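Summary of structural features
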There are 2 protein chains.
Amino acid sequence: MMSKTSKELLEQFRIQCKARGLSITPQRTAIYEALIGSEDHPRTEDIYNRVKAAFPDMSIDTVYRTLCLFAEIGFVRLVEGYGEAKRYDPDMECHHHFRCMRCGRILDFKEPRFDALEVPQQFKQTCAVSSIKVVLEGVCEQCLQKSVEP
Amino acid sequence: MMSKTSKELLEQFRIQCKARGLSITPQRTAIYEALIGSEDHPRTEDIYNRVKAAFPDMSIDTVYRTLCLFAEIGFVRLVEGYGEAKRYDPDMECHHHFRCMRCGRILDFKEPRFDALEVPQQFKQTCAVSSIKVVLEGVCEQCLQKSVEP
DNA sequence: TTACTATATAAGAATGATTCTTGTTCAGCA
DNA sequence: TGCTGAACAAGAATCATTCTTATATAGTAA
Ligand SMILES: [Mn+2]
Ligand SMILES: [Mn+2]
Ligand SMILES: [Zn+2]
Ligand SMILES: [Zn+2]
């Protein structure tokens, strides 16, 4: 799925950190690696659980701080949601989401037709629009199956 | 903006409550009225502040409970966001949002071209898609002006 | 009207997510 | 190899939200 190898992404990570004067710590590296290995739009606590094996002493505060930093500098993206825990997305390419309103699963999809939607005039002229994306909502395949064979 | 008068909406509110066996309390009515008078996608606390003048003893818990109930039964909609406090939208007609990433303002827009977007095959066949909407993000007019004339 | 009962409310405690404070550690550099 | 500011761990604090419980009241039947 990811268009770059994790090795390439890690190298980019190091370069970007250096360029911004950010230390490359083992914690940051582990959090970054956990992120790029995730396809499920993890919450902060999910990432915390994934790095805990390798870093039993890591504070969850470090994960919160680090994910927030990564979002600021563009390593990850915050996923739109409905006021629950924040979810992060390591895929920085333009793509869209389907959200299951029953189980919370968020599925990615690419759809060139959607990427090319034209920004309405009213915003084009007065605001600075930086992104346009489509959000689908409904019930996912797994949840639909659960409802028929209980 | 709102296509029905507030009198009509209030009448609908009463009818819907009765149909569902829900009591029509002064608190619920006040919260509903505050909602339909709002164009700003208010947070629970905003609504609480707006009804407090008329109901100084109202508990904020009542506002949380009531807005949650209203969302369940389709009087209002939750607005997509990034893990901050929930925001509600009394406009149940199909429309889309522009979100200012600097001040948090959420602007409505109707765009028939966006309402008619076709659901990608992969979801059409396996999932039950109930809504499709477009989210624009960027910096709003007011915030842009602030950045040029400080 | 009145009395009854299930529902709704107020108040405050509890929870979950996140941020802040502080003392300690360590990455990057001389 | 030693310095120093940035990063970290731990735990307190905060913010949004939900839960618990005792009280009040809307809807209704007499
Ligand atoms: Mn994604
Ligand atoms: Mn709206
Ligand atoms: Zn699902
Ligand atoms: Zn703005």
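Residues numbered from 1 in each chain as written. Chains lettered and ligands numbered in written order. Predicted model: local features only at pLDDT ≥ 70, side-chain atom pairs only at ≥ 80, totals over all residues. Heavy atoms only, no water.

Here the focus is the relation of the copies chain B and chain A. Look at the two chain copies: a rotation about an axis and a shift along it is all it takes to match them. With an RMSD of 0.1 Å, chain B superimposes on chain A once it is rotated by 179° and translated 0.0 Å along the axis. Taken together, the rotation angle and the small translation identify this as a two-fold axis. (Least-squares fit on C-alpha atoms with pLDDT ≥ 70 in both.)

Moving on, we come to the sheet that holds strand β4 (residues 106–109) of chain B. With respect to topology, six strands assemble into an open sheet ordered β4(A)-β3(A)-β5(A)-β5(B)-β3(B)-β4(B), the strand pairing being mixed. The sheet is open, and its two borders are formed by β4 (106–109) of chain A together with β4 of chain B, each paired with just one other strand. Recorded for the sheet is a direction-independent mean angle of 25° between the axes of neighbouring strands. When strand β3 (residues 96–100) of chain A meets strand β5 (residues 128–139) of chain A, the two strands line up parallel, connected through four bridges. The partner of arginine 99 of chain A across the bridge, within β5 of chain A, is glutamate 137 of chain A. (Pairing = 2+ DSSP bridges. Helix = DSSP H or I, 4+ residues; strand = E, 2+ residues; numbered from the N terminus. Axes fitted to C-alpha atoms, helices over the stretch in contact; angles between N-to-C directions.)

All right, on to the environment of glutamate 137 of chain A then. Topologically, glutamate 137 of chain A is positioned in strand β5. Residues glutamate 137 of chain A and histidine 97 of chain A lie 40 residues apart in sequence; the distance between their C-alpha atoms is 8.4 Å. Glutamate 137 of chain A has contacts with Tyr82, Phe98, Arg99 and Met101 of chain A together with Ala128, Val129, Ser130, Ser131 and Lys133 of chain B, leaving out every residue within four places of it along the chain. (Contact = heavy atoms within 4.5 Å.)

Around DNA strand C, the surrounding shell holds 20 residues, and the nearest of these are Asp61 and Tyr64 of chain A together with Thr25, Arg28 and Thr62 of chain B. Among the atoms of DNA strand C lying within 4 Å of the protein, the sugar-phosphate backbone contributes 76%. Here a phosphate oxygen of DNA strand C and a side-chain polar atom of threonine 25 of chain B are 2.8 Å apart. One of the side-chain N or O atoms of threonine 62 of chain B is found 2.4 Å from a phosphate oxygen in DNA strand C. Of all the elements in the fold, those that place two or more residues in the surface near DNA strand C are α3 (44–52) and α4 (60–73) of chain A together with α2 (26–36) and α4 (60–73) of chain B. (Near = heavy atom within 4 Å. Polar contact = N/O pair within 3.5 Å; in protein donor to acceptor, adjacent residues only side chain to side chain.)

For the rest of this paragraph, the subject is unusual backbone geometry. What is expected of a backbone is that most residues other than glycine have negative phi and most peptide bonds are trans. Unlike most non-glycine residues, histidine 41 of chain A shows phi in positive territory, near 55°. Among the structural elements, histidine 41 of chain A can be located in the loop between α2 (26–36) and α3.

Attention now goes to α4 of chain B. Residues and elements named next belong to chain B. If you check α4, its first and last C-alpha atoms are 20 Å apart, about what 14 residues at 1.5 Å a residue would give, namely 20 Å. Those residues of α4 that sit buried are Thr62, Val63, Thr66, Leu67, Leu69, Phe70 and Ile73. Along the axis of α4, the buried positions cluster into a sector of 160°, meaning they face one direction only. Close packing links the buried residues of α4 with α1 (6–19), α2, α3 (44–52) and β2 (88–89). Backbone nitrogen of aspartate 61 and a side-chain oxygen of the N-cap are separated by 3.1 Å at the start of α4; the cap is serine 59. (Expected span 1.5 Å × (residues − 1). Buried < 20%, exposed > 50% of the residue type's maximum accessible area, 1.4 Å probe, protein only. Arc of directions from axis to C-beta.)

What follows deals with the pattern of salt bridges. When the charged atoms of two side chains lie near each other, side chains of opposite charge can form a pair. In total, this model carries 17 salt bridges over all chains according to the counting rule given. Three or more residues are tied together by salt bridges with common partners; here these are Asp91, Glu93 and Lys110 of chain A. (Salt bridge = Lys/Arg side-chain N within 4 Å of Asp/Glu carboxyl O.)

Residues in close proximity to DNA strand D total 20 residues, the closest being Thr25, Arg28 and Thr62 of chain A together with Asp61 and Tyr64 of chain B. The protein-proximal atoms of DNA strand D, defined as those within 4 Å of the protein, are 78% sugar or phosphate. A distance of 2.3 Å separates a phosphate oxygen of DNA strand D from a polar side-chain atom of threonine 62 of chain A. Those elements that provide at least two residues to the surface near DNA strand D are α2 and α4 of chain A together with α3 and α4 of chain B.

Right, let's get into the pairing of β4 of chain A. Here β3 of chain A runs beside β4 of chain A; their pairing, made up of four bridges, is antiparallel. Across the sheet, arginine 99 of chain A pairs through a bridge with isoleucine 106 of chain A, a residue of β4 of chain A.

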